[in-house]
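Structural features, examined
The residues making up each chain are set out below.
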Amino acid sequence: MEKTWQELQQDGFVARESEGNLHKALSLLSKAYSLCDYPLGKVGIKADIALCRLHLGELDLARCLFSSALEDFVLFGDVVNASRIRAQLSDIALKQDKIESALELALRARNAVVESGVHPNDLCHMTHQLIKVLLKKRKLEGKKNWAKNTGEIVYWLKVEEKEVKEMMKREKDLVSA
């Protein structure tokens, strides 16, 4: 029996995340994309393909795919997935030493998740991405703004610690309920 696009997408996820087989994942995800007739599903698959391309080091192709997925998630009003894509784009900009762009994307991603009031796990990831950008900024700027940059990093580390504790409390409450 032929697999559905959802099953192929799941198999692609497993190939990428569990097996580390990016080429197998790309093959499965490409097939899932071609079979998918659900617009939001296609966007999710496109983002999965972009993530494979990112892991393969194909930064420009990954950036193009993520940018396209971001436009679609914004069009569909999917704030959380749009934020996740912005975080990925921030990571690409960071790898390319485009610090200001990386910082802007990381802040926009985090602020959107804060405003949405949902997904505390995502909030932790967004804050962590912001910290990664600030660390690289401090490294690139050297002694120029060392104290200011360090102060920002320490501030966000404390925010992240608070968010992680809140996330762990919520998970504990769910388990004990």
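Anyway, here's the lowdown on the structure attached to this text. Worth saying up front: this structure is predicted, and the values here are computed from it rather than measured.

Quick notes on the rules
- Residues numbered from 1 in each chain as written.
- Predicted model: local features only at pLDDT ≥ 70, side-chain atom pairs only at ≥ 80, totals over all residues.
- Heavy atoms only, no water.
- Helix = DSSP H or I, 4+ residues; strand = E, 2+ residues; numbered from the N terminus.
- Buried < 20%, exposed > 50% of the residue type's maximum accessible area, 1.4 Å probe, protein only.
- Contact = heavy atoms within 4.5 Å.
- Areas by Shrake-Rupley, 256 points an atom, 1.4 Å probe, with all protein chains shown as cover.
- Lys, Arg positive; Asp, Glu negative; His and termini not counted.
- Charge placed at Lys NZ, Arg CZ, Asp CG, Glu CD.
- Salt bridge = Lys/Arg side-chain N within 4 Å of Asp/Glu carboxyl O.
- Expected span 1.5 Å × (residues − 1).
- Phe/Tyr/Trp six-rings, centres within 6.5 Å; stacked < 30°, edge-to-face > 60°.
- Lys NZ or Arg CZ within 6 Å of the ring centre and 35° of its normal.
- Core = buried A, V, L, I, M, F, W, Y, C linked by side-chain atoms within 4.5 Å.

1. Describing the overall build of the chain
- Regarding its fold elements, the chain presents 8 helices and 0 strands.
- When the helices and strands of the chain are placed in sequence order, the string is α-α-α-α-α-α-α-α.
- Dimensions of the chain, computed from the C-alpha atoms along their principal axes, are close to 60 × 45 × 35 Å.
- Expressed as a percentage of its 177 residues, the buried residues of the chain come to 41%.
- When contacts within the chain are restricted to residue pairs at least 6 apart in sequence, those whose partners lie at least 24 apart make up 54%.
- In the structure as shown, the chain presents an accessible area of about 10300 Å², 57% of it carried by carbon and sulfur atoms.
- For the chain, the distance from the average site of its 28 positive side-chain charges to the average site of its 26 negative ones is 6 Å.

2. Considerations on the pattern of salt bridges
- With the rule as written, the count across this model stands at 17 salt bridges.
- Of the charged contacts in the structure, one is a salt bridge between Glu-58 and Arg-53, with a shortest N-O distance of 2.9 Å.
- Put simply, Arg-16, Glu-17 and Asp-48 are held in one network by salt bridges that share partners.

3. Regarding the environment of Phe-73
- Relative to the assigned elements, Phe-73 resides in helix α4 (residues 59–76).
- Judged by its relative accessible area of 4%, Phe-73 falls in the buried class.
- The sequence separation of Phe-73 and Ala-15 amounts to 58 residues, and the corresponding C-alpha distance is 24 Å.
- Here Phe-73 is in contact with Leu-40, Val-43, Gly-44, Ala-47, Asp-78, Asn-81, Ala-82 and Ile-85, once residues within four sequence places are set aside.

4. So, helix α5 (residues 79–95)
- A rise of 1.5 Å per residue sets the reference length of α5, with its 17 residues, at 24 Å; its end C-alpha atoms lie 24 Å apart and thus fit the reference within 8%.
- For α5, a buried count of 12 out of 17 residues is recorded, marking the element as mostly surrounded by other parts of the structure.
- Within the sequence span of α5, burial applies to Val-80, Ala-82, Ser-83, Ile-85, Arg-86, Ala-87, Leu-89, Ser-90, Asp-91, Ile-92, Ala-93 and Leu-94.
- In the stretch just after α5, Asp-97 is the one whose phi turns positive, near 60 degrees.

5. Brief notes about the side chain of Gln-129
- Tracing the backbone shows Gln-129 in helix α7 (residues 120–141).
- If we skip the residues at most four places from it in the chain, Gln-129 touches Ala-87, Ser-90, Asp-91, Leu-94 and Ala-106.

6. Here's the deal with the packing of aromatic side chains
- Taken as a whole, this structure holds 2 aromatic pairs when the rule is applied.
- Ring geometry for Tyr-155 and Trp-156: centres 5.0 Å apart, planes at 80 degrees, overall edge-to-face.
- Directly above the ring of Tyr-33 sits Lys-42, whose terminal nitrogen or CZ lies 4.1 Å from the centroid.
- The cationic tip of Arg-138 hangs over the ring face of Trp-146; the distance from NZ or CZ to the ring centre is 4.5 Å.

7. A few points about the nonpolar core
- Grouped together as the largest cluster of nonpolar side chains are 16 residues, with contacts concentrated most on Leu-54, Phe-66, Ala-69, Phe-73, Ile-85, Leu-89 and Ile-92.
- Among the secondary structure elements, those contributing two or more residues to this core are α3 (39–55), α4 and α5.
- A per-element tally of this core places α4 first, with 6 residues.
- Ignoring sequence-local partners within four residues, the contact set of Phe-66 consists of Ala-47, Ala-50, Leu-51, Leu-54, Ile-85, Gln-88, Leu-89 and Ile-92.

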